[in-house]
Structures are given as C-alpha cells and as structure tokens.
Amino acid sequence: SLLLLTAVLTFAQGVTSTVTGTVVDPNGAAVPGAQCTLENRAMQTSLQARSGADGIVTFPAVNAGSWTLVVQAPGFKVYRLARLSIAASENRSLG
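Quick caveat, the model's predicted, so the values are computed rather than measured.

Enquirer: Just to check I follow, could you spell out the overall build of the protein for this structure?
Expert: What the protein contains, in helices and strands, is zero helices and eight strands. The linear arrangement of helices and strands in the protein, starting from the amino end, is β-β-β-β-β-β-β-β. Here the protein holds 95 residues, and the buried ones make up 36% of them. A sequence separation of at least 24 residues applies to 48% of the contacts in the protein between residues at least 6 apart.

Enquirer: Explain the pattern of salt bridges here, please?
Expert: Where charged atoms from two side chains of opposite charge approach closely, those side chains can pair. Applying the stated criterion across every chain, the model contains one salt bridge. For the salt bridge of Arg80 with Glu39, the shortest nitrogen-to-oxygen distance reads 4.0 Å. On the criterion of sequence distance, the pair formed by Arg80 in strand β7 (residues 79-86) and Glu39 in strand β3 (residues 35-40) is long-range, its members being 41 residues apart. Residue class for Glu39 comes out partly exposed when judged on its relative accessible area of 26%.

Enquirer: Which parts of the structure should I look at to understand the nonpolar core?
Expert: Across soluble globular proteins, nonpolar side chains show a tendency to be buried alongside one another. With 17 residues, the main nonpolar core has Val23, Ala34, Cys36, Leu38, Phe59, Val62 and Val71 as its most contacted residues. Only β2 (16-24), β3, β5 (56-63), β6 (65-72) and β7 provide two or more residues apiece to this core.

Enquirer: Explain the sheet that holds β3 here, please?
Expert: Strand pairs in the sheet, formed through backbone hydrogen bonds, run parallel or antiparallel to each other. Sheet architecture is open: four strands sit in the order β4-β3-β6-β7, paired in antiparallel fashion. Edge strands, defined here as strands with exactly one partner in the open sheet, are β4 (45-50) and β7. Looking at each pair of strands side by side, their axes are set apart by 20° on average, direction ignored.

The rules behind these values
- Residues numbered from 1 in each chain as written.
- Predicted model: local features only at pLDDT ≥ 70, side-chain atom pairs only at ≥ 80, totals over all residues.
- Heavy atoms only, no water.
- Helix = DSSP H or I, 4+ residues; strand = E, 2+ residues; numbered from the N terminus.
- Buried < 20%, exposed > 50% of the residue type's maximum accessible area, 1.4 Å probe, protein only.
- Contact = heavy atoms within 4.5 Å.
- Salt bridge = Lys/Arg side-chain N within 4 Å of Asp/Glu carboxyl O.
- Core = buried A, V, L, I, M, F, W, Y, C linked by side-chain atoms within 4.5 Å.
- Pairing = 2+ DSSP bridges.
- Axes fitted to C-alpha atoms, helices over the stretch in contact; angles between N-to-C directions.

Here it is, written out as structure tokens:
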C-alpha cells in the first residue's frame, strides 16, 4: 500500500513557520502513529513528529529553507517529498 500525505503550510509573521498535514491511506482513512521527519541537510537538522489518532501531524517552528519530508508507517511504503521549499509569508496546500 502507498502512504499519502496532504499538508497545509501555515506561516506566522515571525521567522519560523508551522507545517501541518494529515497522513492518510489510499482510501482516505487517517493513519495514526506515522513517524514523520522533516530533514534539512544545509542546516544539518531534522524535526520529528508522529501523526495523532486523526492522522494529523504538526511541525512547529520550522525555519525557511529546502526540506525533505519522510513519512513512515508499518504496512506502508515510505513516502518521501524532496525539495519542499518553505519560505516566510507563503500559504500553500500540498496534496
């Protein structure tokens, strides 16, 4: 099975952003407990979070830059989204 992620990027007026998304299976059902990681090689940092019972995952205080999102859950293929560009004052929906 393929693990899918829909995400909404929410940006505050400060220097960091909040990345929120919902991890769902191919049928649209929430996937709780998925391990989600945002990686930024240039900054040599990664942020980790798990999806809740409703499949929602939130990364607070994300710095602007180019990130890779990796989502893993038992029974699903690894989902990887490279070159996720996060910039201040931008609203975007990923699907």
